Amino acid sequence: MLGHHYTRTFLETAVVSLNAGCNLELSYGMRNNVFMRIPQALAMGNITLQVNGREWGWEPGLRPPSTTEVLVSGSSQTLRARVRPLFYTRMRLGEFDPPAMNPYNALDMSVVQSPEHRNLSLEAAVKSFVLLKNVRGTLPLRAQDLSGKRLAVVGPFADNPRVLFGDYAPVPEPRYIYTPRKGLEMLVANVSFAAGCREPRCQRYSQAEVVAAAGAADVVVVCLGTG
């Protein structure tokens, strides 16, 4: 909200977020995050935020309040209401039980990455693809149509497991990871590869590498994203 100029301080952001129902924060770090201002909001009066006698909210044409215009009042019920589902979820997960009583502690990677779970992950991946455009019916690429063809897979996402899984996701056993490059190399086509750059921001782009791979190919698969 700070980046969108909806609020001006971490304190305002914390109060607005809690009042809107948010109870988790993707923080800047343990020492510098928005919800660390909750005790300050409580000390000022409580969690409900009011500006000039009305609840803080965005109105077109209304300037954001200054820090001196921010008043915090209300009751701690708001904070308790936000915390309750967090602890309820942790209780259901058995986080407060002795380890021997928690069945989740017995789950190891042989269970998490079992064939059944990996097959379910594959099904979810296949069903979640979204085709935005298919000019001249280029897709799907059928294995039988690629026999003897030269296929180039290019881009920083073509063979980078870390960016494929994103943040807050464990990276599974390497033998279970199928990047676009690895998957396409299983086809009968002659596959060449050029990352062009090693990370999504592409600060060091090797144009010659990509041009060489794409120029010699009958089909080019470009793998890009925000990371």
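Residues numbered from 1 in each chain as written. Predicted model: local features only at pLDDT ≥ 70, side-chain atom pairs only at ≥ 80, totals over all residues. Heavy atoms only, no water.

Enquirer: Give a description of the pattern of salt bridges that names residues and reports values.
Expert: The tally for this structure, following the rule as stated, stands at five salt bridges. Linking Arg90 and Glu95 is a salt bridge whose minimum nitrogen-to-oxygen distance equals 2.6 Å. For Asp218, the salt bridge goes to Arg150, with nearest N and O atoms at 3.5 Å. Taken together, the residues Asp218 in the loop between helix 8 (207-215) and strand 6 (219-222) and Arg150 in strand 4 (residues 150-154) connect sequence positions 68 residues apart. Each of Asp159, Arg181 and Glu185 takes part in a single network of salt bridges with overlapping partners. (Salt bridge = Lys/Arg side-chain N within 4 Å of Asp/Glu carboxyl O. Helix = DSSP H or I, 4+ residues; strand = E, 2+ residues; numbered from the N terminus.)

Enquirer: How would you summarise the sheet that holds strand 6 if you had to cite specific residues and measurements?
Expert: Reading across from one edge, 5-4-6 is the order of the three strands in this open sheet, with parallel pairing throughout. With partners counted over all chains shown, the strands left at the sheet margins are strand 5 (190-194) and strand 6, one partner each. Across the sheet, the mean angle separating the axes of adjacent strands is 20 degrees when strand polarity is ignored. Examined bridge by bridge, strand 4 and strand 6 share four bridges and lie parallel to one another. Directly across from Val153, in strand 6, lies its bridge partner Val221. (Pairing = 2+ DSSP bridges. Axes fitted to C-alpha atoms, helices over the stretch in contact; angles between N-to-C directions.)

Keep in mind these numbers describe shape, not what the thing actually does.
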